[in-house]
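Close look at the chain arrangement
One letter stands for each residue in the lines below.
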Amino acid sequence: MKTGIRHIHWTIALVPFVVLVALQVFVIKLFGSDAIDGASQTALLFATGVAVGIAMIGYKVPWQNIDRAMGDNIRTIGPAVIILFLIGAISGSWMLSGVVPTMIYYGMKIITPSLFLFMACLICALVSLITGSSWTTVATVGIALIGIGTAHGFSVGWTAGAIISGAYFGDKISPLSDTTVLASSVGEVPLFKHIRYMLITTVPSFTIALIIFLIVSLNHTSASGTDAATFAEGLQNTFVISPWLLLVPLFTGILIAMRLPAAIILFLSALVAGVVMLFAQPDIVAQVGEGNRFKGLMVTYYSSTAIDTGNATLSNLVQTRGMKGMLSTVFLIFCASAFGGSLTGSGMMKSLTEALAKGISGRRSLVASTVTTGLFSNMATGDQYLSIVLTGNIFKQLYKDKGYEGRLLSRSTEDSATVTSVLIPWNTCGMTQSMVLKVPTLEYLPYCFFNIISPLMSITIALIGYKIFRLPAATHNSESGLQSPDS
């Protein structure tokens, strides 16, 4: 009797994914935003069990193959876990040191409601472009903008959508962004050539998003929202508000300009904010530490804190979770890595992508398939880095065989795998931004216009055929309307 590994048909390989989606829909409906506390992770583990069972029992896939793939996935997320803990530390220290309250206080005075969403998106785009990190942008200015938006009567969904749209635009075209570097590397394209080519789809997508946010802002009335004056009074009564506290974000900006690694920047920024907190907010530190200031500092870094401001909405806003608050997200990342490993190690992911590739005939279906795979990979693996690598490797040779330059692949990969990761509730990006902003992923998803439009724009440009370049050896087979490679 034959005991070798058999090929898993794509319809069977789709079963674990269908199980996961069904379970996630159920747990999110049942638990809501609390699904992150364990229900979503359990759903991922159940789906992983289904994938492993099908592979080992039905197709004789050795456990060693799956175990190795899971291990490889988990090893790749090590740096992300460290950054997550540092984000927890910086969100707590920036809040209780008075940095974020000061940013909210002055932001309410500077940014008018009639331009708020537009300005929030633009500010996050500029910060992310400079830092090269959407996560850092959301964890710093993003938190402050959530407070300003709430004070002006904007729903947290709309505000988070504007923040995320701007943060991912800047991240996507920044030469300092790890995802941008990764996508260009996978596509074997020089970094700045990749960025210039991305502008063709990215700028129109961002422009449309900005126009939407501007129109909504201009038509917004804050009559039914929280009175900004009440917020300002609550902040002044609770925290020491001073422009000197803005030296902390200035210091962080200097570290960014020095191009230090993100983990070092976050660590030093959190450390400085903690020292500032001891001197600028001694009463709050003492309150958190039950009379012991050093204990208050440590608690701010690693645990949740609650400060009574006299306003329920504002008190909820200034609550922090610390590093301990990131444990649910870390738990989710490990479970998502296990699920992704079960699909890749068993060969199911390969079967699904091969089935997808069979229907590719020209540039339109090629780009559409790449974008679809990027989105699917984000849903299946739960990590944007894995999705970028997986999508790029799957289609790299196919693009060459079809005679298209690698920059079409690298752009299509970024237009899907990078920007859609934050829209998936169980993806590392989706869960991280949800935790940091305190807004459920499905609540901000409809308002992340840049992230939604980008994949569609990528497909649209391919349909039009604008600046789609062929490899030199394949120019004689170029499709109608296509151009030769530029210099």
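Heads up: the structure comes first, above all this text.
Attention here is on the structure that accompanies the text. Just so you know, these numbers come straight off a predicted model, no measurement behind them.

Brief notes about unusual backbone geometry
One non-glycine residue with positive phi stands out, namely Lys 60, at about 60°. For Glu 290, which is not a glycine, the phi torsion comes out positive at approximately 55°. Within the secondary structure, Glu 290 is located in the loop between α14 (282-288) and α15 (293-302).

A word on a nonpolar patch on the surface
Together, Trp 244, Leu 247, Leu 250, Ile 254 and Met 258 make up a nonpolar patch on the protein surface, roughly 590 Å² of accessible area in all. With respect to the helices, strands and loops of the structure, Trp 244 is situated in the loop between α11 (228-238) and α12 (247-257). With a relative accessible area of 68%, Trp 244 lands in the exposed category.

Topic: helix α24 (residues 449-464)
Taking 1.5 Å as the rise per residue, α24 with 16 residues should run 22 Å; its terminal C-alpha atoms sit 22 Å apart, in good agreement. At Pro 455, α24 shows its maximal bend, which comes to roughly 25°. Buried within α24 are the following residues: Phe 449, Phe 450, Asn 451, Ile 453, Ser 454, Pro 455, Met 457, Ser 458, Ile 461 and Ala 462. Where α24 terminates, the next one or two residues include Gly 465, which has phi positive at roughly 85°.

What about the pattern of salt bridges?
According to the stated counting rule, one finds 2 salt bridges in the structure shown. A salt bridge links Lys 172 to Asp 415; the nearest nitrogen and oxygen atoms lie 2.3 Å apart. You can see Lys 172 sitting in helix α8 (residues 156-173) and its partner Asp 415 sitting in helix α21 (residues 406-418), a full 243 residues away along the chain. Each member of the pair, Lys 172 together with Asp 415, is buried. A salt bridge links Lys 295 to Glu 290, with the nearest nitrogen and oxygen atoms 3.0 Å apart. Owing to a relative accessible area of 39%, Lys 295 belongs among the partly exposed residues under this scheme.

Overview of the packing of aromatic side chains
Describing an aromatic ring pair means giving the distance of the ring centres and the angle of the ring planes. Inspection of the entire model under this criterion finds 10 aromatic pairs. Ring geometry for Trp 158 and Phe 449: centres 5.6 Å apart, planes at 45°, overall tilted. Linking Trp 158 in helix α8 with Phe 449 in helix α24, this pair joins segments that are 291 residues apart in sequence. Grouped by ring-pair contacts, the aromatic residues Trp 158, Phe 213, Tyr 447 and Phe 449 constitute a single cluster. Against the face of Tyr 197 rests Arg 407, its NZ or CZ located 4.9 Å from the ring centre. Its guanidinium or amino end placed over the ring of Tyr 197, Arg 411 lies 4.1 Å from that ring's centre, counting from NZ or CZ.

Focus: the side chain of Thr 238
In this fold, Thr 238 is placed in helix α11. Here Thr 238 falls in the buried class, since its relative accessible area comes to 17%. Within the structure, the side chain of Thr 238 is placed 2.8 Å from the backbone oxygen of Gly 234, a separation counted as a polar contact. When neighbours within four sequence positions are excluded, Thr 238 is seen to be in contact with Ile 284, Ile 307, Asp 308 and Thr 309.

Concerning helix α3 (residues 63-76)
Working note: α-helix, 3.6 residues per turn, so residues spaced by three or four point in the same direction. Look at α3: 20 Å from first C-alpha to last across 14 residues, which is about the 20 Å you get at 1.5 Å a residue. Turning to α3, its buried residues number three or more, namely Ile 66, Ala 69, Met 70 and Asn 73. Buried positions in α3, seen along its axis, are confined to an arc of 100° and lie on one side of it. Those residues of α3 that are exposed and angled more than 90 degrees off the buried face are Gln 64 and Arg 75.

Rules behind the numbers
- Residues numbered from 1 in each chain as written.
- Predicted model: local features only at pLDDT ≥ 70, side-chain atom pairs only at ≥ 80, totals over all residues.
- Heavy atoms only, no water.
- Helix = DSSP H or I, 4+ residues; strand = E, 2+ residues; numbered from the N terminus.
- Patch = residues over 30% accessible without salt bridge, like charges linked within 9 Å, V, L, I, M, F, W, Y side chains within 5 Å.
- Areas by Shrake-Rupley, 256 points an atom, 1.4 Å probe, with all protein chains shown as cover.
- Salt bridge = Lys/Arg side-chain N within 4 Å of Asp/Glu carboxyl O.
- Buried < 20%, exposed > 50% of the residue type's maximum accessible area, 1.4 Å probe, protein only.
- Expected span 1.5 Å × (residues − 1).
- Bend = angle between axes of the 7 residues up to and from the residue.
- Phe/Tyr/Trp six-rings, centres within 6.5 Å; stacked < 30°, edge-to-face > 60°.
- Lys NZ or Arg CZ within 6 Å of the ring centre and 35° of its normal.
- Polar contact = N/O pair within 3.5 Å; in protein donor to acceptor, adjacent residues only side chain to side chain.
- Contact = heavy atoms within 4.5 Å.
- Arc of directions from axis to C-beta.

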